[in-house]
Amino acid sequence: MRLSRYFLPVLKETPAEAQIVSHQLMLRAGMVQQLAAGIYSWLPLGYAVLRKVEAIVHQEMQRAGAIPILMPTIQPADLWIESGRYNDYGKEMLRIRDRHDRSMLYGPTNEENVTDIFRRHVRSFKQLPLNLYHIQWKFRDEVRPRFGVMRGREFLMKDAYSFDLDAAGAEASYDAMFLAYLRTFRRMGLTAIPMQADTGPIGGNLSHEFQILARTGESEVHFDAAFEAIDFSADDLSVTELKALYAAADDKHDPAACPVPAERLRSGRGIEVGHIFYFGTKYSEPMGATVIGPDGATQPVHMGSYGIGVSRLVGALIEANHDDKGIIWPEAVAPFKVGIVDLRPDDALSHGLAEELHERLQRAGVDVLLDERDERAGAKFATMELIGLPWTVTVGPRGAKEGKVELKARASGETVELDPDALVQRLTA
Ligand code: P5A
């Protein structure tokens, strides 16, 4: 991609309305733009990151056996009246009337929707377990939308729904999602601590929130220091052990009942990037989602639901990865892997080399952004640092003469001089 042909509306000043660093950087780097309170347009750079995050979530969901579908954003109120939940969401639910004066709503979540799909098609326990998921926009008319995409009104969620014959089966499904979540966040370079949580309007009595520690987190969290010793990238993480360790957000934390001795209790702030629930037959019973069991008896299925804040993650990733110059994308979610700074577009040799590298990297399937604009070098470097691509290649007349370019890592600031072949090899390895 050529920066001269791209759409990257970076801002020089930090917008006054942005209170936290991720929101400031997302606006400055031209990733998103607010359309109304808590409602954002995703501009090319932001959308590229959102798609990378989505791709990882899709892969890990499917690796864990969940099957992708796509349910609508608009739902009929009738379904929610059937489940008994139409009033639970109160003012957070955006209620709409269609031209026939039927009550509709913009979905804040899809438990009813997916239960309706299930009940129409599944009859036997032999078709279980089943886990259906989608990545779809939600709307919640939050009292205080803030911090940009972190607490939006319209936001992108991955929501998965499991169906099992009984509570034991449902717990196995829950644990599979629990592990998939740890893997998903790990792949993005994030450590999310699973914490006991309140279930709110989703319901049920078993639930974990996945919280990333960050100074700007919305909730106060408390956890056993033993979490600090856990290698979350290990292949043999035990859900049982993790569930047994104490961790809770403020609303669930009772200092008087806390089993962890004071010297082992850590407190901080967290960003909730995921939340999983087991709620048994809360929806299947009123909505008649039943199967015939092995004994021939008809019974309601046991369900759970599993959410990841996909759009919130983009903000959370920046909270966890930035410095005073800008964003530092982990490679797995970077909008481009490498940026090429063409220092002197007016110098035939140097410019030719920058073009050649751009072409070769693109052909090798590397996401690359070439800055061949007629701008000062300082401005070009500042833009690269702001948008946080993992690698920057600098091509200038002096190096070009010797057939050398400079490769710089955004995270460490380390640089190395390479010839073009070695560079391409390094970036495609
Ligand atoms: C689980 C999936 C649910 O809605 N139903 C389907 C269950 N859970 S939840 O905790 O309410 O939301 C899941 C995740 O969505 C993110 N999230 C938000 N992101 C941005 N702005 C919001 N206003 C917002 N509300 C929720 C969170 O990451 C949450 O964990």
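A.B. asks: Any details on the site of the ligand? Residues and values, ideally.
C.D. replies: In the vicinity of the ligand there are 23 residues, among which Glu-111, Arg-140, Glu-142, Gly-152 and Glu-272 approach most closely. Glu-142 has a polar side-chain atom sitting 2.8 Å from a nitrogen atom of the ligand. The side chain of Glu-272 places a nitrogen or oxygen atom 2.4 Å from an oxygen atom of the ligand. About the coverage of the ligand: the protein hides 95% of its 600 Å² of free accessible area. Put simply, the parts of the chain that give the shell around the ligand at least two residues each are strand S8 (154-164), strand S13 (265-280) and strand S16 (302-309). In terms of residue count, the dominant contributor to the shell around the ligand is S13 (five residues). Among the residues making up the shell around the ligand, the classes are represented as nine nonpolar, seven polar and seven charged.

A.B. asks: Describe the nonpolar core, and please don't skip the residues or the numbers.
C.D. replies: One finds Met-31, Val-53 and Trp-329 to be the most contacted residues of the largest nonpolar core, which totals 76 residues. When residues of this core are assigned to their parent elements, the largest contribution, eight residues, is made by helix H5 (residues 167-187). Those residues in contact with Val-53 that lie beyond four places of it in its chain are Met-188, Val-310, Leu-313, Val-314, Leu-317 and Val-333. Leu-165, Tyr-283, Val-291 and Val-301 belong to the second-largest nonpolar core, a separate cluster that totals 26 residues.

A.B. asks: Tell me about a negative patch on the surface, and name the residues and values.
C.D. replies: Taken together, Asp-231, Asp-235, Asp-236 and Glu-241 make up a surface patch of like negative charges. Summarising the element assignment, Asp-235 is placed in the loop between strand S11 (219-224) and helix H6 (239-244).

A.B. asks: Quick rundown of the sheet that holds strand S22 (residues 405-409)? Include the residues and the values.
C.D. replies: Reading across from one edge, S20-S19-S21-S22-S23 is the order of the five strands in this open sheet, with mixed pairing throughout. Each having just a single partner strand, strand S20 (368-371) and strand S23 (415-418) make up the two edges of the open sheet. Averaged over all pairs of adjacent strands, the angle between strand axes in this sheet comes to 20°, irrespective of strand direction. The pairing of strand S21 (residues 391-395) with S22 spans four bridges and is classified as antiparallel.

A.B. asks: How would you explain H5 if you had to name every residue and give the values?
C.D. replies: Taking 1.5 Å per residue as the helical rise, H5 with its 21 residues ought to reach 30 Å, and the 30 Å between its terminal C-alpha atoms agrees with that figure. Where H5 is concerned, the buried positions are Gly-169, Ala-170, Ser-173, Tyr-174, Asp-175, Met-177, Phe-178, Ala-180, Tyr-181, Leu-182, Thr-184 and Phe-185. Looking one or two residues beyond H5, the residue adopting positive phi is Gly-189, at roughly 80°.

A.B. asks: Before we move on, can you summarise helix H1 (residues 21-28) with the specific residues and values?
C.D. replies: For H1, a buried count of six out of eight residues is recorded, marking the element as mostly surrounded by other parts of the structure. All of the buried residues in H1 are Ser-22, His-23, Leu-25, Met-26, Leu-27 and Arg-28. In this structure, the buried side of H1 is in contact with strand S1 (32-36), strand S2 (39-42), helix H8 (310-320), strand S17 (322-323), strand S18 (326-327) and helix H10 (377-387). Residue Gly-30 follows H1 closely and has a positive phi angle near 65°.

A.B. asks: Explain the pattern of salt bridges to me, using residue names and the numbers behind them.
C.D. replies: One pass over the full model with this rule turns up 31 salt bridges. A salt bridge links Asp-141 to Arg-153; the shortest N-O distance between them is 2.8 Å. Of this pair, Asp-141 sits in the loop between strand S7 (130-139) and S8 while Arg-153 sits in the loop between S7 and S8, placing them 12 residues apart in sequence. According to the relative accessible area criterion, Asp-141 is partly exposed, its value standing at 26%.

A.B. asks: Explain the environment of Ala-66 to me, using residue names and the numbers behind them.
C.D. replies: Along the chain, Ala-66 falls in the loop between helix H2 (44-63) and strand S3 (67-68). For Ala-66, a relative accessible area of 4% translates into the label buried.

A.B. asks: Got a sec to walk through the environment of Ser-22? Specific residues and values, please.
C.D. replies: Inspection of the secondary structure assignment puts Ser-22 in helix H1. You can call Ser-22 buried: its relative accessible area is 1%. Each residue touching Ser-22, except ones within four places of it in the same chain, is listed here: Met-150, Gly-315, Ile-318 and Glu-319. Within the local environment of Ser-22, its side chain forms a polar contact with the side chain of Glu-319, the two groups lying 2.6 Å apart.

A.B. asks: Give a detailed account of the packing of aromatic side chains, specifying residues and quantitative values.
C.D. replies: One pair of aromatic rings is described through two measures. These are the centre distance and the angle between the planes. For the coordinates displayed, the defined rule picks out 11 aromatic pairs. Residues Phe-178 and Phe-210 carry aromatic rings whose centres are separated by 5.4 Å and whose planes lie at 70° to one another, so their mutual orientation is edge-to-face. Placement of the pair is Phe-178 in helix H5 and Phe-210 in strand S10 (residues 206-213), with a sequence separation of 32 residues. Here Phe-178 matches Phe-210 in class, with each residue buried. Among the aromatic side chains, those forming a connected cluster through ring pairs are Phe-178, Tyr-181, Phe-185 and Phe-210. Positioned above the aromatic ring of Tyr-47 is the side chain of Arg-51, whose terminal nitrogen or guanidinium carbon lies 4.5 Å from the ring centre. Arg-95 extends its terminal NZ or CZ atom over the ring of Tyr-86, reaching a point 4.6 Å from the ring centre.

A.B. asks: Can you tell me about the side chain of Glu-112, naming the residues and giving the values?
C.D. replies: Inspection of the secondary structure puts Glu-112 in helix H4 (residues 111-121). Under the relative-accessibility criterion, Glu-112 is labelled buried at 0%. Separated by 2.6 Å, the side chains of Glu-112 and Ser-83 make a polar contact.

Calculation rules
Residues numbered from 1 in each chain as written. Predicted model: local features only at pLDDT ≥ 70, side-chain atom pairs only at ≥ 80, totals over all residues. Heavy atoms only, no water. Near = heavy atom within 4 Å. Polar contact = N/O pair within 3.5 Å; in protein donor to acceptor, adjacent residues only side chain to side chain. Areas by Shrake-Rupley, 256 points an atom, 1.4 Å probe, with all protein chains shown as cover. Helix = DSSP H or I, 4+ residues; strand = E, 2+ residues; numbered from the N terminus. Nonpolar A, V, L, I, M, F, W, Y, C, P; charged D, E, K, R; others polar. Core = buried A, V, L, I, M, F, W, Y, C linked by side-chain atoms within 4.5 Å. Buried < 20%, exposed > 50% of the residue type's maximum accessible area, 1.4 Å probe, protein only. Contact = heavy atoms within 4.5 Å. Patch = residues over 30% accessible without salt bridge, like charges linked within 9 Å, V, L, I, M, F, W, Y side chains within 5 Å. Salt bridge = Lys/Arg side-chain N within 4 Å of Asp/Glu carboxyl O. Lys, Arg positive; Asp, Glu negative; His and termini not counted. Charge placed at Lys NZ, Arg CZ, Asp CG, Glu CD. Pairing = 2+ DSSP bridges. Axes fitted to C-alpha atoms, helices over the stretch in contact; angles between N-to-C directions. Expected span 1.5 Å × (residues − 1). Phe/Tyr/Trp six-rings, centres within 6.5 Å; stacked < 30°, edge-to-face > 60°. Lys NZ or Arg CZ within 6 Å of the ring centre and 35° of its normal.

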